Amino acid sequence: MKVAVLGAGAIGAYVGAALHRGGTEVHLIARRAHLAAMRESGVRVLSPRGDFTAHPHVTDNPAEVGPVDFVFLGLKANSYASCGPLITPLLGPDTAVVAAQNGIPWWYFHGLAGHPLEGRRVETVDPGGSVTAVLQLRRAIGCVVYCSTVIEEPGVIRHLEGTRFSLGEPDGEISARCKVLSAAMIAGGLKAPVEPRLRDDIWIKLMGNVAFNPLSALTRATMAQMCEHDDTRALVATMMTETQAIARAAGSDPAVSVEKRIDGAWRVGHHKTSMLQDLEAGKPLEIDAIIGAVVELAGLTGVPAPALRHVHAAISLLDHTSNPPVPVGAH
């Protein structure tokens, strides 16, 4: 089996290293200092489960790799539409694309036979079909990541907690390709269950992301600080309750209580969310998949979601003022 990791950052490099350790042919596609360090010394993983080093092939040129069986997509969802030049050389007739993204995926209503919204495009995450044009729906395998990693320094991945990567087909089939990928990930020391109802997992994780990510960027607070501040904790609970209602109206059942979800976030401690890290690094914020699409689904399903709408308005303005568009012709 041949796997390419497109966007071999903290999560992508960790998965690639694990797959390589398990015997899979792995190609990491990375950039800059991280690329140079992995080329020279491999991927060093520092983990409470045991440190190890893997030496997969590393490049910044996907044409060196050619078509693969699976592309593990480690990019942020807001860069999917523009990844065509990078991913096209990796795609053969049967290549599957495993999207390890936060939030609502572009394939969300694909494969939902009999659902009133089956085949509907989620415009927020697939505007005008721009993502589907690059990442064909038939290639999509969903992936919900329950794993925390950081790049400690170029080429060095600090694995903090969690090894679960839930996989699933949009139509719920326990497919041969999912089982093959799952086996390879398990051989590398990961947990990789194939879920017939992956959308339930998407919403369970999204209950946390939809609230904590934008609120952390707006307040500059850590997970623990947001949970320990009474008024903010109440707002988080309201946003989570609205999200549960939207999920159920869309046909999913995130079977976890709001209080349990908040307590789990509090146990993470003084951790900065990815959105706050992006804000501090001057990067565009991953708003559309994490909260924008949830607001869109609220409209599609007729669920009132005033807290989500208000926070979405505020975080969208913050992103606009922090990353203003460059005027045409400006240098």
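As the structure is a computational prediction, the values presented were derived from the model and not from experiment. (Residues numbered from 1 in each chain as written. Predicted model: local features only at pLDDT ≥ 70, side-chain atom pairs only at ≥ 80, totals over all residues. Heavy atoms only, no water.)

Student: In this structure, what is going on with the layout of surface pockets? I would like to understand it.
Tutor: A water-sized probe rolled over the atoms picks out the places where empty space is left. Put simply, the second largest pocket is a space of about 190 Å³. Taken together, 17 residues form the lining of the second largest pocket, with A77, N78, V125, V131 and D288 sitting closest to its centre. Taken together, the elements giving at least two residues each to the lining of the second largest pocket come down to α4 (130-134) and α11 (287-301). The element that contributes the greatest number of residues to the lining of the second largest pocket is α11, accounting for three residues. Its residues placed into classes, the lining of the second largest pocket shows nine nonpolar, six polar and two charged. (1 Å grid on protein atoms, 1.4 Å probe; cavity = no way out; pocket = protein on both sides within 12 Å on 5 of 7 lines; lining within 4 Å. Points joined across faces, edges and corners; volume = space filled by probe spheres on them. Helix = DSSP H or I, 4+ residues; strand = E, 2+ residues; numbered from the N terminus. Nonpolar A, V, L, I, M, F, W, Y, C, P; charged D, E, K, R; others polar.)

Student: What should I look at first to understand empty space enclosed by the protein in this one?
Tutor: One pass over the structure, following the stated rule, counts one cavity of 30 Å³ or more. As for the largest cavity, its lining consists of 15 residues, and the residues nearest its centre are Q101, G103, C143, V144 and I202. Breaking the lining of the largest cavity down by element, the ones donating at least two residues are β8 (140-153) and α6 (198-219). Sorting elements by how many residues they give to the lining of the largest cavity places α6 first, with six residues. Of the residues in the lining of the largest cavity, the class split is eight nonpolar, five polar and two charged.

Student: So what exactly am I meant to see when it comes to the UniProt feature "domain: Ketopantoate reductase C-terminal" (unreviewed entry) in the chain here?
Tutor: UniProt's entry tags residues 198-316 with the feature "domain: Ketopantoate reductase C-terminal" (unreviewed entry), counted in the numbering of this structure. Secondary structure across residues 198-316 divides into 77% helix and 0% strand, with the first and last C-alpha atoms of the span separated by 28 Å. (UniProt positions renumbered as here; feature names shortened; annotations may be inferred.)

Student: I keep staring at the packing of aromatic side chains and nothing clicks. Help me out?
Tutor: The description of two aromatic rings rests on the distance between their centres and on the angle between their planes. This model, assessed by the stated rule, comprises three aromatic pairs. On the numbers, 5.7 Å between centres and 85 degrees between planes, the contact of Y80 with W106 is edge-to-face. Separated by 26 residues along the polypeptide, Y80 in the loop between β6 (68-73) and α3 (84-87) and W106 in the loop between β7 (91-99) and α4 bring together distant segments of the chain. Across this residue pair, the class does not change: Y80 and W106 are buried. Each ring, one from Y108 and one from W203, has its centre 6.3 Å from the other, and the planes form 90 degrees; the classification is edge-to-face. With Y108 in the loop between β7 and α4 and W203 in helix α6, this pair connects stretches of sequence that are 95 residues apart. The pair Y108 / W203 is uniform in exposure class, with both members buried. Through successive ring pairs, a cluster of aromatic residues spans Y108, F109 and W203. Cation over ring: R21 sits above F52, and NZ or CZ is 3.9 Å from the ring centre. (Phe/Tyr/Trp six-rings, centres within 6.5 Å; stacked < 30°, edge-to-face > 60°. Buried < 20%, exposed > 50% of the residue type's maximum accessible area, 1.4 Å probe, protein only. Lys NZ or Arg CZ within 6 Å of the ring centre and 35° of its normal.)

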